[in-house]
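# Residue-level structure breakdown
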Amino acid sequence: MPRRHEADEATIRQQVTEIVEGLRNKDLEGLRRLYTTDVVSFDVEPPLQHVGVDAKLKNWAAVFAIFDTVSYEVRDLTLTVGEDVAFGHGFGRLSGTLRDGTATNGMWVRVTFCFEKIDGRWLIAHDQVSVPFDIRSGKGIIDLQP
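Figured I'd write up the structure that's included with this text. Here the structure is a predicted model, which means the values were calculated and not measured. (Residues numbered from 1 in each chain as written. Predicted model: local features only at pLDDT ≥ 70, side-chain atom pairs only at ≥ 80, totals over all residues. Heavy atoms only, no water.)

Turning next to the overall build of the protein. On a plain count of helices and strands, the protein comes out with 3 helices and 9 strands. In sequence order, the protein lays out its α and β elements as α-α-β-β-α-β-β-β-β-β-β-β. A compact globule built from 146 residues should have a C-alpha radius of gyration of about 15 Å, and the protein, at 16 Å, falls within 12% of that. Oriented by its inertia axes, the alpha-carbon framework of the protein measures out at about 50 × 35 × 30 Å. In the protein, buried positions account for 35% of the 146 residues. The contacts in the protein between residues at least 6 apart in sequence include a share of 51% that link residues at least 24 apart. Counting every atom, the protein has about 8700 Å² of accessible surface; 54% of that belongs to carbon and sulfur. Computed over 17 positive and 22 negative side-chain charges, the inter-centroid distance for the protein is 4 Å. (Helix = DSSP H or I, 4+ residues; strand = E, 2+ residues; numbered from the N terminus. Rg over C-alpha atoms; globule rule 2.2 N^0.38 Å. Buried < 20%, exposed > 50% of the residue type's maximum accessible area, 1.4 Å probe, protein only. Contact = heavy atoms within 4.5 Å. Areas by Shrake-Rupley, 256 points an atom, 1.4 Å probe, with all protein chains shown as cover. Lys, Arg positive; Asp, Glu negative; His and termini not counted. Charge placed at Lys NZ, Arg CZ, Asp CG, Glu CD.)

Shown next, in the form of structure tokens:
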């Protein structure tokens, strides 16, 4: 027997694929269509939160200014899907070639996505990116692999 929200889960997984493609293509307007207008993002760079799609896209624009080519990978994405809300977690890695020609493998981060179904369309209402924290040193640990 198929799961009740199997079609919605497939749609959300496609949405995550569109994030990957939007980043690879440096397509800010394509990315804009994936978020709610009032998305709240807890990203790795300050401040503690970015509120609204314009603030979220400002983060991606900063990435595009640093990178000549961008690659983004999502691994081990697990989703829980309800009628009009869903959440997922996994690992993400931003990598590519910097504007100065330096290739970088980036670092793996923990990612959480929260989706809301608005007018029949799944949009990201919240995302969070984090790294583990070493309490003794006061520094994030950025060399872990999934």
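Structure's up, so let's keep going.
Let's shift gears to the side chain of Gln-15. The residue Gln-15 is located in helix 1 (residues 6–24) in this model. Here Gln-15 falls in the buried class, since its relative accessible area comes to 5%. The residues contacting Gln-15, other than those within four sequence positions of it, are Leu-34, Phe-115, Trp-122 and Leu-123.

Let us look at the environment of Val-129. Relative to the elements of secondary structure, Val-129 occurs in strand 7 (residues 121–130). When the C-alpha atoms of Val-129 and Trp-108 are compared, they prove to be 9.9 Å apart, with 21 residues separating the residues in sequence. If we ignore the near neighbours within four places in the chain, the residues touching Val-129 are Phe-42, Asp-43, Val-44, Val-109, Arg-110 and Val-111.

A few words on the pairing of strand 4 (residues 85–98). Looking at chain direction, strand 3 (residues 67–81) and strand 4 are connected through 12 bridges and run antiparallel. The residue of strand 4 that forms the bridge with Leu-79 is Gly-88. Two successive antiparallel strands, strand 3 and strand 4, enclose a turn made up of 3 residues. Two elements, strand 4 and strand 6 (residues 108–118), share 9 bridges in a ladder whose sense is antiparallel. Paired with Phe-91 across the strands is Arg-110, a residue of strand 6. When strand 4 meets strand 5 (residues 103–104), the two strands line up antiparallel, connected through 2 bridges. Its bridge partner being in strand 5, Gly-96 is matched across the sheet by Thr-104. Taking the residues that link successive antiparallel strands as the turn, the strand 4-strand 5 hairpin has 4 residues, and the phi of Gly-101 there is positive, at about 95°. (Pairing = 2+ DSSP bridges.)

It is worth spelling out helix 3 (residues 53–66) at this point. The terminal C-alpha atoms of helix 3, which comprises 14 residues, lie 20 Å apart, in line with the 20 Å expected from a rise of 1.5 Å per residue. Taken together, the buried positions of helix 3 are Val-53, Lys-56, Leu-57, Asn-59, Trp-60, Val-63 and Phe-64. End-on view of helix 3: buried residues confined to an arc of 145°, all on one side of the axis. Facing away from the buried side of helix 3, by more than 90 degrees, are the exposed residues Asp-54, Lys-58 and Ala-65. (Expected span 1.5 Å × (residues − 1). Arc of directions from axis to C-beta.)

None of the figures reported here should be taken as evidence of function without further support.
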